[in-house]
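Chain residues, written in single-letter form:
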Amino acid sequence: MAEHDVDTDTLLGELDTAEEGLSSDEAARRLEEYGRNEFVEGDRRSVVDIFVAQFESALIWVLIAAAIVAAVVGHGVDAALITGIVVLNGIFGFVQDYRAEESLRALRELAAPTATVLRDGEQVEVPAPEVVPGDVLVLTAGDAVPADARLLRASDLAADEAALTGESLPQSKETGVLDADTAVADRDNLVYKQTTVVRGSGRAVVYATGMDTQVGAIAAELGTVENRETPLQEDLDRFGRRVGLGVLVLATIIGGVLVAGGASLLRAGLTAISLAVAAVPEGLPAVVTLTLALGVRRMADQNALVRELPAVESLGSVDVVATDKTGTVTEGQMTVTKAWVHGREFAVEDTDLDHERERLLFEIGAVCNDATGENGDPTEVALVDSAAAVGLDPGTLREERPRTDEIPFSSERRRMATVHDDRSFVKGAPTTVLEHSSQILTEDGPVDLDEATREQVHEMADGFADQALRVLGFAYGDPADPESDLVFVGLQGMQDPPRPEVRGAIAETRDAGIDVKLITGDNRRTAAVIGEQVGLSGEVVTGNDIDAMEEGDLDEAVETHDVFARVLPEHKVAICRALQANGHTVAMTGDGVNDAPALKHADVGISMGERGTEVAKQASDLVLLDDNYATIARAIRNGRTIFDNIWKFVAYLLSANAAEVLLVFIASLYGLLILPPAQLLWINLLTDGLPAVALGVDPESGDVMDRPPRDRSEGILDPQMRRTIAGLGLSSTVVMLGLVYWLVTSGSTTEYLVTMVFTTFVVVEFAKLYVVRWIPGHPEPNRWLAVAVLASLVLQLAVLYVGPLQRAFDVVPLTLADWGIVGATTLLTAIPMVGVVWLLRKRAPGTGRQAVGEARPQQAD
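Residues numbered from 1 in each chain as written. Predicted model: local features only at pLDDT ≥ 70, side-chain atom pairs only at ≥ 80, totals over all residues. Heavy atoms only, no water.

1. Digging into the pattern of salt bridges
Next, step 1: According to the stated counting rule, one finds 31 salt bridges in the structure shown.
Next, step 2: The partner of glutamate 33 in a salt bridge is arginine 29, and the shortest N-O contact between them spans 3.0 Å. One end of the pair, glutamate 33, and the other, arginine 29, are both in helix α2 (residues 24-34), four residues apart, so they sit about a helical turn from each other.
Next, step 3: Overall, the relative accessible area of 47% leaves glutamate 33 in the partly exposed class.
Next, step 4: Relative accessible area serves as the criterion here: at 43%, arginine 29 is assigned to the partly exposed category.
Next, step 5: Across the salt bridge formed by lysine 173 and glutamate 161, the nearest N and O atoms sit 2.6 Å from each other. Linking lysine 173 in strand β5 (residues 171-173) with glutamate 161 in the loop between β4 (148-160) and α7 (162-165), this pair joins segments that are twelve residues apart in sequence.
Next, step 6: Using a relative accessible area of 2% as the deciding quantity, one classes lysine 173 as buried.
Next, step 7: For glutamate 161, a relative accessible area of 0% gives the class buried. (Salt bridge = Lys/Arg side-chain N within 4 Å of Asp/Glu carboxyl O. Helix = DSSP H or I, 4+ residues; strand = E, 2+ residues; numbered from the N terminus. Buried < 20%, exposed > 50% of the residue type's maximum accessible area, 1.4 Å probe, protein only.)

Take a look at the structure:
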């Protein structure tokens, strides 16, 4: 059904209603037919489904299989330890998943609680969910519009549609017929659900409710968005599948070899379990989650609240920030920035109240005004604020000049007049105020307005408009004839100005190889000016331009253009998808209902905490508590640091697991079960525990924002990671095998041999911690790492010297001489490990880890 391009009589006929509204019986019938004026929430996963999903990883299934085998062969301690790790990891994931998707619930909660409609020819108040198509709404200032409706009457009506369309100014509304191709933001004869009437009054017939409204379409779009896995999640899933397959193949081969060589099925089974436990970094998911959580806490202290833990890691690979304008790049509040009186153009802060012209200009703005405090039309609030900013007290001014009469603003008159005892004050569009003026106030008093002066005023107003300022003219006159023979006083130009720190923040993110796109519902000229002010220049692309593009054109446009104007929700999603199709990792910022679909589609959705709607917050991954774009740069810096730390401990853990597998595998070929499952789990618990967490909070590298974003296509297991795992794993394996050979040839008992290998492996892994953190280069000490290593050594000593633990792990106490051997072996292992890291760093001297890999070159400004 056409709503905006047909006359109201035709629309009323199509809706089978009248200007007097529906009868109560008919409204009840339609409520049954169309359903409640609410958003339909999609099927939600049950608690059981969420919990079961935590155990779908291949790594988890390998551990479950190992636990079952251990229990079958009578090794209850091993089975209990493995089961405990699996369950704890499952609980960790369940807690995070359970708190996730609330976008549609928030949309429902935003609905207006009540609405005034005509029923049986009378005004009645009904719950907003009971509004039906055909109802006639009665709208007044302050009302939340409960449904999409076509205006039947409008008296100076304006609606704040920023949350839906992105327009920073209230939109004046009028009756009438519009062209069929009129954009949503320009359909002045319609009002939309979940927008707000800021002035005037009117009546409108409802043509769409619930999911059929503009906001309902956004709700439907949110329901179809699939959660995208982050690069780290994708990497770990791939790694898990490969490890699971590899463990099964290796365990089968080794078991077969051992049985063929005469070993018992029990020994073959225990060896297979040991290989499975050695290969699987069972603590990795928990350590990743905990490191991300610690990063989240640190980011919250810097006004960036993370709703989804994986978003922290995604920030490290973001290479495009697509930002909304209103309330994000700008202040989100109209502010007078420039003024003009005859012979002088000046900034508000340069006002000289000793001059009557300048004082009177701001006095008229404050008195000819209906705003009170922060309440009222944003334009009038800006005029009150500007008067206060120059040192005038709007309240006092109004008391000194009480209003005796007024002629209200209307869209036809385009001006407002207030009448006082000695004067009338007029404000409005410069053209109409100037038309009713016969004089202009100069430094020497009022003088007649000649054509040259009129042209000068017009040129000044046009110049302000070219700077994307909304311009108002101000005059005073005779209270007996308040709008005739006015004395023109001057102009005030206002805008929603950029936040002062945004230009620097955008420059910082671009220096870090991150492109920035400004996306707004405002018009082309405003978008261009704001873009220029924050350092984003070039041709502006509009929503209509996007609609006219052929397939593939938008993919090219998002690479060559930085500013997009008159953009609808579907355009934002299209821009996001085009960027992602080009291989970009996209962070999308926004604060309105209209931003929610794009926030969901983005790799990292960033909403505003102060001005943002609840819908935007629930659809996002990250909430800026201070609504400050500069916080995004800090969040990206933190995200990169956190990913650096995740990279380090993943390299550390996987190199340890590689050494364990090689040691167990090679020793088993000679009939030795060097590290039984319980000891391998203990090694993994010590290395995956406190030391790995401490490594996850390593200090920031000084060059973290000097690198380009990491290449998402490479993943965390990039060439540098693989070289690190191979080099460090082989280094420790070779030395440990040498220790095993020396102990075996010296006639050591099995218990002593196993204890020495077990303890030495633990100490070697602690030494490796300091080698791994040198790869990106961190001169700053990490006191938490030292504490973690010391605590873990104490735990290892407890295993060696506390009787019950000795028996549980089948170890014997070591002498001081034995510790000397452990220390010497550790030093021998450290030498090749340091050599490996030196060679890795030599490939790209003076750079961090990401520069060593093949990251994408930094984009030019």
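From this point, things continue past the structure.
2. Examining the confidence of the model for the protein
Next, step 1: Looking at the protein as a whole, its pLDDT mean stands at 82, while 83% of the residues score no less than 70.
Next, step 2: Low pLDDT, under 50, characterises residues 99-112; the stretch is placed with 40 contacts to residues that sit more than four places away or in other chains.
Next, step 3: Contacts of residues 844-861 to residues separated by more than four positions or lying in other chains number 47 contacts, the stretch itself having pLDDT below 50. (pLDDT = per-residue confidence, 0-100. Contact = heavy atoms within 4.5 Å.)

3. Comments concerning helix α1 (residues 8-15)
Next, step 1: All of the buried residues along α1 are Leu11, Leu12 and Leu15. Looking down the long axis of α1, one finds its buried residues gathered within 100 degrees of arc, a one-sided arrangement. Exposed residues on α1 whose side chains face more than 90 degrees from its buried face are Asp9 and Gly13.
Next, step 2: Against α2, β4 and β7 (196-208) lie the buried residues of α1.
Next, step 3: The distance from a side-chain oxygen at the start of α1 to the backbone nitrogen of aspartate 9 is 3.2 Å, and the residue carrying that oxygen is aspartate 7.
Next, step 4: Downstream of α1 by a residue or two, aspartate 16 has a phi angle that is positive, lying close to 55 degrees. (Arc of directions from axis to C-beta. Polar contact = N/O pair within 3.5 Å; in protein donor to acceptor, adjacent residues only side chain to side chain.)

4. Topic: the packing of aromatic side chains
Next, step 1: Summed over all chains, the structure comprises three aromatic pairs.
Next, step 2: Residues phenylalanine 758 and phenylalanine 809 carry aromatic rings whose centres are separated by 6.5 Å and whose planes lie at 15 degrees to one another, so their mutual orientation is stacked. Of this pair, phenylalanine 758 sits in helix α30 (residues 750-772) while phenylalanine 809 sits in helix α32 (residues 803-809), and the two are 51 residues apart along the sequence. When sorted by exposure, phenylalanine 758 lands in the same class as phenylalanine 809, which is buried.
Next, step 3: Feature note: the residues Trp682, Phe758 and Phe809 constitute an aromatic cluster, connected by ring pairs.
Next, step 4: Against the face of tyrosine 476 rests arginine 423, its NZ or CZ located 4.1 Å from the ring centre. (Phe/Tyr/Trp six-rings, centres within 6.5 Å; stacked < 30°, edge-to-face > 60°. Lys NZ or Arg CZ within 6 Å of the ring centre and 35° of its normal.)

5. Quick notes on the environment of proline 676
Next, step 1: With respect to the element layout, proline 676 can be found in the loop between α26 (629-669) and α27 (677-688).
Next, step 2: Residue proline 676 is classed as partly exposed on the basis of its relative accessible area, which comes to 21%.
Next, step 3: As a C-alpha pair, proline 676 and valine 664 span twelve residues in sequence and 8.8 Å in three-dimensional space.

6. Some points on the sheet that holds strand β24 (residues 622-624)
Next, step 1: The eight strands lie next to each other as β8-β24-β23-β22-β9-β19-β21-β20, forming an open sheet whose pairing is mixed. Every other strand in the sheet has two partners, leaving β8 (304-306) and β20 (540-542) as the edge strands with one partner each. Along the sheet, successive strands turn relative to each other by an average axial angle of 20 degrees, direction set aside.
Next, step 2: Contacting β8, β9 (320-324), β19 (515-519), β22 (586-590), β23 (604-608) and β24, α26 runs over the sheet at an angle of about 155 degrees to β9. (Pairing = 2+ DSSP bridges. Axes fitted to C-alpha atoms, helices over the stretch in contact; angles between N-to-C directions.)

7. Considerations on helix α14 (residues 356-367)
Next, step 1: The end-to-end C-alpha distance of α14, which contains twelve residues, comes to 16 Å, matching closely the 16 Å that a straight helix rising 1.5 Å per residue would cover.
Next, step 2: Most of α14 sits out of view: ten of its twelve residues are buried.
Next, step 3: Regarding α14, the residues found buried are Arg357, Glu358, Leu360, Leu361, Phe362, Glu363, Ile364, Gly365, Ala366 and Val367. (Expected span 1.5 Å × (residues − 1).)

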